[in-house]
Structure formats: C-alpha cells, structure tokens
Amino acid sequence: MSDAVLEVEGLKVEYQTSSGPAVAVNGISFQVFPGETLGLVGESGCGKSTTAMAILNLVQAPGRIAEGSIRLNGTELSTLNPRSMRRIRWQEVALIPQGAMDSLNPVVRVDSQIAEVIEDHEGRQRFADMHERITELLGMVGLPARVGRLYPHELSGGMKQRVCIAMAIALRPKLLVADEPTSALDVVVQRVVAQTLLDVTQRLGMAMILIGHDIALQAQLVDRMAVMYAGSIVEVGRVESIFDHPSHPYTQLLVSSVPSITERRRRPSDATVREVHHRPSGCVFRLRCPQAFDRCRAEVPAMRELVPGHVVACHLYAGGSGEPAPAEAAGHV
Ligand SMILES: Nc1ncnc2c1ncn2[C@@H]1O[C@H](COP(=O)(O)OP(=O)(O)O)[C@@H](O)[C@H]1O
Ligand code: SF4
Ligand SMILES: [Mg+2]
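Worth saying up front: this structure is predicted, and the values here are computed from it rather than measured.

A.B. asks: Outline the overall build of the chain, supporting the account with residue identities and numerical values.
C.D. replies: Looking only at helices and strands, one finds 12 helices and 12 strands in the chain. The C-alpha radius of gyration of the chain comes to 21 Å, within 12% of the 20 Å expected for a compact globule of 333 residues. When its C-alpha atoms are laid out on the principal axes, the chain stretches across 70 × 45 × 40 Å. Look at the contacts in the chain between residues 6 or more apart in sequence, and 65% of them connect residues 24 or more apart.

A.B. asks: Now, about the site of ligand 2: what can you tell me, with residues and values included?
C.D. replies: Lining the immediate environment of ligand 2, one finds 13 residues, of which C283, R286, C289, C296 and C314 sit closest. By residue class, the composition of the shell around ligand 2 is 9 nonpolar, 3 polar and 1 charged.

A.B. asks: So what about the site of ligand 1? Which residues, and what values?
C.D. replies: Around ligand 1 sit 16 residues in total, of which Y15, A24, K48, S49 and T50 are the nearest. Every element with two or more residues in the shell around ligand 1 is listed here: β1 (6-17), β2 (20-32), α1 (48-55) and α10 (271-277). For the shell around ligand 1, a count of residues per class yields 7 nonpolar, 8 polar and 1 charged.

A.B. asks: So, the sheet that holds β1: which residues are in play, and what are the values?
C.D. replies: Overall, antiparallel pairing links the 4 strands, which are arranged β2-β1-β4-β5 in an open sheet. Sheet topology places β2 and β5 (75-76) at the edges, where each strand pairs with a single neighbour. As paired strands, strand β4 (residues 63-72) and β5 are joined by 2 bridges and run antiparallel to one another. The residue of β5 that forms the bridge with L72 is T75.

A.B. asks: Give me the packing of helix α3 (residues 110-122) against helix α4 (residues 127-140): which residues, what numbers.
C.D. replies: It is the contact of α3 with α4, at a shortest axis distance of 10 Å, that shows an interaxial angle of 110°. The pairing of α3 with α4 is recorded here as roughly perpendicular in orientation. For the pair α3 and α4, the contacting residues are D111, I114, A115 and I118 in the first and M130, R133, I134 and L137 in the second. Per-class residue counts for the contact of α3 with α4 are 6 nonpolar, no polar and 2 charged.

A.B. asks: Can you tell me about the pairing of strand β11 (residues 303-307), naming the residues and giving the values?
C.D. replies: Of the pairings in the sheet, the one linking β11 to strand β12 (residues 310-313) comprises 4 bridges and is antiparallel in character. Within β12, the residue paired with V307 across the bridge is H310. A loop of 2 residues connects β11 with β12, the two strands running antiparallel in sequence, and G309 in this loop sits at a positive phi of about 90°.

A.B. asks: So what's going on with helix α9 (residues 249-256)? Which residues, and what values?
C.D. replies: Buried within α9 are the following residues: P249, Y250, T251 and L254. Buried residues belonging to α9 abut α7 (215-219), β9 (224-229), β10 (232-238) and α8 (239-244).

Criteria and thresholds
- By convention here, each chain's residues receive numbers from 1 onward along its written sequence.
- To read the labels, note that chains go from A and ligands from 1, taken in the order they are written.
- Residue-level local features of this predicted model are given only where pLDDT is at least 70; pairs of side-chain atoms are given and counted only at 80 or more, and the full residue set underlies all totals for whole chains, interfaces and linings.
- Each helix corresponds to a stretch of at least 4 residues labelled H or I by DSSP, and each strand to a stretch of at least 2 residues labelled E; elements are numbered beginning at the N terminus.
- A radius of gyration in this sense is built from C-alpha atoms; the matching globule rule multiplies 2.2 Å by the number of residues raised to 0.38.
- Contacts are defined on C-beta atoms placed from the backbone: any two residues whose C-beta positions lie within 7 Å are in contact.
- Contact assignment follows one rule, namely that a residue is near a molecule or strand if its backbone-placed C-beta atom lies within 6 Å of it.
- When residues are sorted by character, Ala, Val, Leu, Ile, Met, Phe, Trp, Tyr, Cys and Pro go into the nonpolar class, Asp, Glu, Lys and Arg into the charged class, and all the rest, Gly among them, into the polar class.
- The criterion for strand pairing is that DSSP finds at least two bridges linking the strands in question.
- Where helices are involved, their axes are fitted lines through C-alpha atoms of the stretch in contact, as for all axes, and angles between N-to-C directions lie from 0 to 180°.
- Here the angle decides the label: under 35 degrees means roughly parallel, over 145 means roughly antiparallel, 65 to 115 means roughly perpendicular, and every other value means oblique.
- In this scheme the burial state of a residue depends on its C-beta neighbours within 10 Å: 20 or more other such atoms mean buried, 12 or fewer mean exposed, and anything in between means partly exposed; the C-beta positions come from the backbone.

Below you can see the structure in the form of structure tokens.
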C-alpha cells in the first residue's frame, strides 16, 4: 500500500451546461505525502477549485464526479455516503474554500463559529475547556484571544483569513486543502498569512494542497508543484526541479513570466476556459504551444517520468529510437 495521505487517480469532473458537458477536470492523478505541501498551480478556469471540491466530495450540481478515485489514507471518498463524509470532513481533511473569509457568518462571533466546528464533531464541551482551546487556536494563527469575542466585520481581511485557518486546523486533520487562501489580500499581507499557514501545518505535521495561480508566490511556499492546464495536470515535480528544468511548454511559459510577475494586472488568458468547453484533439495545450508538431494533434500525451519524482505530459519527451531520452530532452543531464 502507498504511504500517501491522499491518492487521486483518473479524476474526471464534468459540469452539465446548455452546450453539453464541460470537462473541468479531465482524468488527473496525483498523490500527497504526509507532512508535505503540494502546490496546485494554473491560470483561472483550469479546474483547481473543482479539484478541491471533488477531494472533499463537495461538487454540486450541475457538476458531478464522472470517473476516478480519491483515497484518503486508503479510504475511498468519491463513493462515501454523506454521513460518513461529514465525519471525515474537518476531522481528517479540511478545506479552506476560495473566498472563505467572505463566507464567515457576519452575525456570529468568531469564537462561536470555531466552537461550532468542534462541537459538531465532538459534542458539547465544558465552557472553560472550549475557551482554552479556542484561545490556543487563535494564538497558533497569530491572533490575540480577544478576537474570539469579535464579529467578522470588525476584522481586517488578513485577520478573517487567519480565523478561517484556525477553523480548518481545529480538529487537527491530516490534510488541509487551501484554495487561493491569500489571493484576496494585498501583497504584503498575502505573504505573512501564507507563512502562518505553512508554520501551523508544519507544526501540526499536516499535509497541505495549496492552490494558487501565482507560480512565483507558490515557489516560495511549497515542496512540490503540480501544474494544471485546462483540466489536465501537465507536469509535477519538486519546486527546484520545476524551476531549474521546466519541461512542459506551458510550465516554461509560466516560469519565464516570473521576473515580470509584478506586472500582474494582465487579464488571465481565457484560452483555458475555452479548451474546457471545446477540447482540441490530442494535446490540450497544442493551440497555444509554440513547439507543437504533428503528433500533438493526433495523440493525447501520457505522463512520463523525466527523473525520479518529476513527470511531464508532453510528446517532446516521448523518447524512442534516435530521439533523446526524456531526462536528456528536458536538460536534466
Ligand atoms: N457551476 C458550473 N457550471 C458550469 N461550469 C463550471 C461551473 N463551475 C466551474 N465551471 C467551469 O469549470 C472550469 C474550472 O473551474 P474552476 O474549478 O473554478 O477553475 P479554477 O479554480 O482553476 O479557476 C471552468 O472552465 C469553469 O467555467
Ligand atoms: S505535446 Fe505537443 S502541443 Fe502538447 S505541450 Fe508537448 S509539444 Fe506542445
Ligand atoms: Mg478557483
């Protein structure tokens, strides 16, 4: 048996639309290992949030998990009944959804919202015990105890996001899925909140999937990175390996854009959204790929390992007689 906390295999999620099914996540596979932070990176609309929701079995109609398997510590989640899933959520895997801080209940004090998560799973607690626990949780995310008595509207964005982190770690899950947890914050606050998230997950020995669209920020935070394009994972590797040898042409574009990443106002391309709805034949990236060749139109590229732990889905690394071996083609040797 694998020692991964999470194993996703062949996950496919579709949304029914008036023009037929849109495949938001197209057969992705990846693993998350104990204590590590895996970054899931890609432009807007590529399927990151859908993946996050699928892991927690929270995909809502008109969406559905069409295929694939999601195993958390060996337990299959995609077919679990809602009651069992409710038990596992927060306790074994917690989600900080995209825009979480705006979904805090505005008329309920912070401490009551955290208490609700705990009592929902562990039943009623003595007031003094709960107070102590909430104070400790707030402290872990860098907030003073008095924040517990405040309402969300009395907090800054960074403080609200810290409250969301405190809720997510309240039951010490083994895996945290954080969907763009800092993207609504300004740049300086973004970094300190992201650092808090890393500190607490490391301190508690939790694994994390950190979702983001900013590869430069992700590079500073994660151990490994999975690059997603139009519903497919196109490259996975350790951050150093991805930055030293970006191998998929899409990753190469992302990495080469890093020096100018401060000029962030550019609208994200809507190509990925188009490709989710009208998938081209062969490689999903071929309409934007500067290196596309005949085979790219005919055949979907399979994942290949370039060096241990660094995989890519691109025909440039197919190997074969007379062609460079994958690692050599990617410049690893
Ligand atoms: N409720 C929905 N109905 C139809 N399509 C959807 C719905 N939610 C998401 N999608 C489509 O699924 C794709 C992936 O969306 P999403 O997972 O939110 O991407 P990301 O988080 O990477 O921005 C997008 O093309 C989006 O248009
Ligand atoms: S398979 Fe072809 S089109 Fe796709 S990324 Fe590789 S070279 Fe480009
Ligand atoms: Mg999203």
